[in-house]
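# Overview (structure and organization)
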Amino acid sequence: MLYEVFIRSQHGVAHKHVGSLHAPDAEIAMNNARDIFTRRNEGISIWVVPSEAITASAPGDKQPLFDPAQTKVYRHPGFFKVPPEVKNI
Amino acid sequence: MTAPFEFCLRLGDTDLILSQRLGEWCGHGPVLEEDLALANVALDLLGQARLWLTLAGEREGCGRSEDQLAYLRDAGAFRNLLLVEQPNGDYAHTMTRQFFFDAWHLPLLETLGSSSDAAIAAIAAKASREAAYHLRRSRDWIIRLGDGTEESHRRMETAIAALWPLTGEMFAADAVDSSVIDLEALRPRWQSEIESTFAHATLAVPSDAWMQHGGKQGVHTEKLGTLLAEMQFLQRAYPGAQW
């Protein structure tokens, strides 16, 4: 069974997808994830998720899902004047 | 009390030989993930072997380095447990050998971690973190293979029957062992680990049987010779070779 592996590199950071692996069940997947992805101090937390639990967008859906954004400039917050007193936005 | 040369040598040789056996799987693992995992465990044990053998060389006081001890001794001078020199067999065999060893190795290292010998305590404390993970891995596999298919269960029973007589040596102390640690005191924890894991795995714990000894005194099976021939080839063919 295929598992997707997510690792959190430090506190306060989101888990990030690092790859996938084969394992007969979740516990072994956790062991394998440790051996394959965390032998060099990469993280402090591991998630393993069965790949089949993920619903992915199909390449054919590219247009309806992503293209409309290109033509609608008002969706990008580039029109707002930032007051000079406001820092770090 | 300061642990003698002979005691450090036993720990170093046992780690070294098991590491070499696990290394034989490299490129042959049943799946890529297991191939990596076995190589990782082998590397952990190799690292521990280097520390023990270096310490052994110091305690001996004849100027022998870890390399000289690893590569320039013959089978009769090795002091590893008979269990770890056993050939890999199938995966059930490899994991059973590993589980019997790990279940002993962890309590051993934890006990040595509070040794009054500072060098022994430092190496053991470092190694026990790795050993804890090794045990978790081999335990998980024993449960899955034992409580898996009819065939995996049968193969586990075959492996247990073959390796069980080699487990007694882990607790059989002579004067060398007794000067550093009470090996018999490790047995209850080992036994309860075996019993609870085998219960999960639907496997029977063998009743007491005849136990084979000799590895720690240098009396080995013929299998160690072929292992050493491969492991020591480079250093024997090109004496003093360095990477």
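Summarised in this report is the structure supplied together with it. What you see is a predicted model; the values in this text were computed from it and never measured. (Residues numbered from 1 in each chain as written. Chains lettered and ligands numbered in written order. Predicted model: local features only at pLDDT ≥ 70, side-chain atom pairs only at ≥ 80, totals over all residues. Heavy atoms only, no water.)

### Digging into the sheet that holds strand β2 (residues 16–22) of chain A
Strands in a sheet are paired, the pairing made by backbone hydrogen bonds, and the direction either parallel or antiparallel. Residues and elements named next belong to chain A. The three strands lie next to each other as β2-β1-β3, forming an open sheet whose pairing is antiparallel. Pairing within the sheet leaves two strands with one partner each, and these edge strands are β2 and β3 (45–50). The mean angle between the axes of side-by-side strands here comes to 30 degrees, regardless of whether they run parallel or antiparallel. Set on the sheet, helix α1 (residues 26–37) makes contact with β1 (2–8), β2 and β3; between it and β2 the angle comes to about 115 degrees. (Pairing = 2+ DSSP bridges. Helix = DSSP H or I, 4+ residues; strand = E, 2+ residues; numbered from the N terminus. Axes fitted to C-alpha atoms, helices over the stretch in contact; angles between N-to-C directions. Contact = heavy atoms within 4.5 Å.)

### A word on helix α10 (residues 223–231) of chain B
Residues and elements named next belong to chain B. Within the span of α10, buried status applies to Leu 224, Leu 227, Leu 228 and Met 231. Looking straight down α10, one finds its buried side chains confined to an arc of 95 degrees; they lie on one side. The exposed residues of α10 that point more than 90 degrees off its buried face are Thr 226, Ala 229 and Glu 230. Buried positions along α10 lie against α1 (5–23), α3 (66–71), α4 (82–85) and α11 (233–237). (Buried < 20%, exposed > 50% of the residue type's maximum accessible area, 1.4 Å probe, protein only. Arc of directions from axis to C-beta.)

### A closer look at the pattern of salt bridges
Counted according to the given criterion, the structure contains 23 salt bridges over all chains. A salt bridge links Arg 34 of chain A to Asp 35 of chain A, with the shortest nitrogen-to-oxygen separation between them at 3.2 Å. (Salt bridge = Lys/Arg side-chain N within 4 Å of Asp/Glu carboxyl O.)

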